[in-house]
Amino acid sequence: MRLTKLEHAALVIEHSGDKLYLDPGKFTTPITESAGAVAVVITHEHDDHWTPDQLARIVEQNPEVRIFGPAGVAAAAAGQPVEVVAAGDEVEVGPFRLRFFGGRHAVIHRSIPVIDNLGVLVNDGFYYAGDSFTVPEGVAVDVLAAPAGAPWMKISEAMDYVEAVAPRRAFPTHEMLLSTAGKALSNVRLAWATEQHGGEYLVLEPGDTLDF
């Protein structure tokens, strides 16, 4: 399988000619070449993780594509055929096996409602928790998308999370709100956390790929 990092929290995984998109939101360049997409996973309803326009472009090129998300996403995306999933669910679509974890978004502030959020494990190798620090208990994670910066986190929390998951490889995600200096700082800290259990940290930029 080949993973290609897009901007912010979005990425695409390709396997046997099929594609799986994760979290194509407003900070991601419009996705205009999505032929071959069999599934889209949206971890939660915030628009930096999905927009109607991004979803419509993918559906237009792939009318049979299946879209998965928690109940909050289905409500926010009324009119789109979102299949509701919850923690503990497993789905197979094309060559992809999806397992879902968690259930709630990390707390941003007491004044802001906590919404639905799901982490997803793809083919028992790649894991992304959306906007949360949910650890997929009992899973040996090969590749982890590690949050680099967000209103809901401190870098110390992200470091603890990476240590808890102990992936073989990790790369930064959710970093569009960071300056160049902020990205560099986060990469140093997340690399340290990844290396504590012998893992390798990869500083992927939009367009970069890795195989797993």
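From a predicted model like this one, the values you see are computed outputs, not experimental measurements.

The rules we used
- Residues numbered from 1 in each chain as written.
- Predicted model: local features only at pLDDT ≥ 70, side-chain atom pairs only at ≥ 80, totals over all residues.
- Heavy atoms only, no water.
- Helix = DSSP H or I, 4+ residues; strand = E, 2+ residues; numbered from the N terminus.
- Expected span 1.5 Å × (residues − 1).
- Contact = heavy atoms within 4.5 Å.
- Buried < 20%, exposed > 50% of the residue type's maximum accessible area, 1.4 Å probe, protein only.
- Pairing = 2+ DSSP bridges.
- Core = buried A, V, L, I, M, F, W, Y, C linked by side-chain atoms within 4.5 Å.
- Polar contact = N/O pair within 3.5 Å; in protein donor to acceptor, adjacent residues only side chain to side chain.
- Axes fitted to C-alpha atoms, helices over the stretch in contact; angles between N-to-C directions.
- UniProt positions renumbered as here; feature names shortened; annotations may be inferred.
- Arc of directions from axis to C-beta.

What follows concerns helix H4 (residues 180–195). Between the first and last C-alpha of H4 there are 22 Å, a value that for 16 residues agrees with the 22 Å anticipated at 1.5 Å per step. Buried residues along H4 sit against strand S11 (143–147), helix H3 (155–165), strand S12 (169–173) and strand S13 (200–201).

Burial along strand S7 (residues 90–93) is one-sided: the residues Val 91 and Val 93 are buried and none of Glu 90 and Glu 92 is. Relative to strand S8 (residues 96–104), S7 is paired through four bridges, and the arrangement is antiparallel. Directly across from Glu 90, in S8, lies its bridge partner Arg 99. Between S7 and S8, which follow one another and run antiparallel, lie two residues, and Gly 94 among them has a positive phi close to 55°.

Moving on: the nonpolar core. Core analysis: the biggest nonpolar cluster contains 28 residues, and Leu 98 and Phe 126 have the highest contact counts within it. Setting aside anything within four residues of it in sequence, one finds Phe 126 in contact with Leu 3, Leu 11, Ile 13, Leu 22, Val 120, Leu 121, Val 143, Ala 145, Phe 171 and Phe 212. Ala 106, Val 139, Leu 144 and Ala 150 belong to the second-largest nonpolar core, a separate cluster that totals 23 residues.

On to unusual backbone geometry. The phi angle at His 8 is positive, at roughly 60°, despite the residue not being glycine. By the element assignment, His 8 lies in the loop between strand S1 (2–5) and strand S2 (11–15). Even without being a glycine, Asp 23 presents a positive backbone phi close to 50°. Position of Asp 23 among the secondary structure elements: in the loop between strand S3 (18–22) and strand S4 (37–41).

Turning our attention to the side chain of His 49. Looking at where His 49 falls in the secondary structure, it is placed in the loop between S4 and helix H1 (52–61). Within polar-contact distance, the side chain of His 49 engages the side chain of Asp 23 at 2.6 Å. Polar contacts involving the side chain of His 49 include one to the side chain of Asp 131, which spans 3.1 Å.

Let's shift gears to the sheet that holds S12. Across the sheet, seven strands lie side by side as S7-S8-S9-S10-S11-S12-S13; this open sheet has mixed pairing. Both outer strands of the open sheet, S7 and S13, are each paired with one neighbouring strand and no more. As judged from the three bridges shared by strand S9 (residues 116–122) and strand S10 (residues 126–128), these two strands associate in the antiparallel manner. Along S10, the bridge assignment pairs Leu 121 with Tyr 127. H3 contacts S10 and S11 of the sheet and is inclined by roughly 165° relative to S11.

Those places that UniProt annotates as "domain: Metallo-beta-lactamase" (unreviewed entry) correspond, in this numbering, to residues 7–174. Along residues 7–174 the backbone is 16% helical and 33% strand, and the end-to-end C-alpha distance reaches 8 Å.

Strands sit in the order S6-S5-S4-S3-S2-S1-S14 across an open sheet of seven strands; the sheet is mixed. Lying at the two open borders of the sheet, with one neighbouring strand each, are strand S6 (82–84) and strand S14 (209–211). Across the sheet, the axes of successive neighbouring strands diverge by a mean angle of 25°, strand direction being ignored. The pairing of S4 with strand S5 (residues 66–69) spans three bridges and is classified as parallel. Bridging from a neighbouring strand, Ala 39 pairs with Arg 66 of S5. Contacts from H1 reach S3, S4 and S5, with the element oriented near 160° to S4.

This part covers H1. Owing to its 3.6 residues per turn, the α-helix aligns residues three or four sequence positions apart on the same side. All of the buried residues along H1 are Gln 54, Leu 55 and Ile 58. Projection of H1 onto a plane perpendicular to its axis shows the buried side chains occupying an angular sector of 95°, all on one side. The exposed set on the far side of H1, more than 90 degrees from its buried face, consists of Asp 53 and Glu 60. On the buried face of H1, the contacting elements are S3, S4 and S5.

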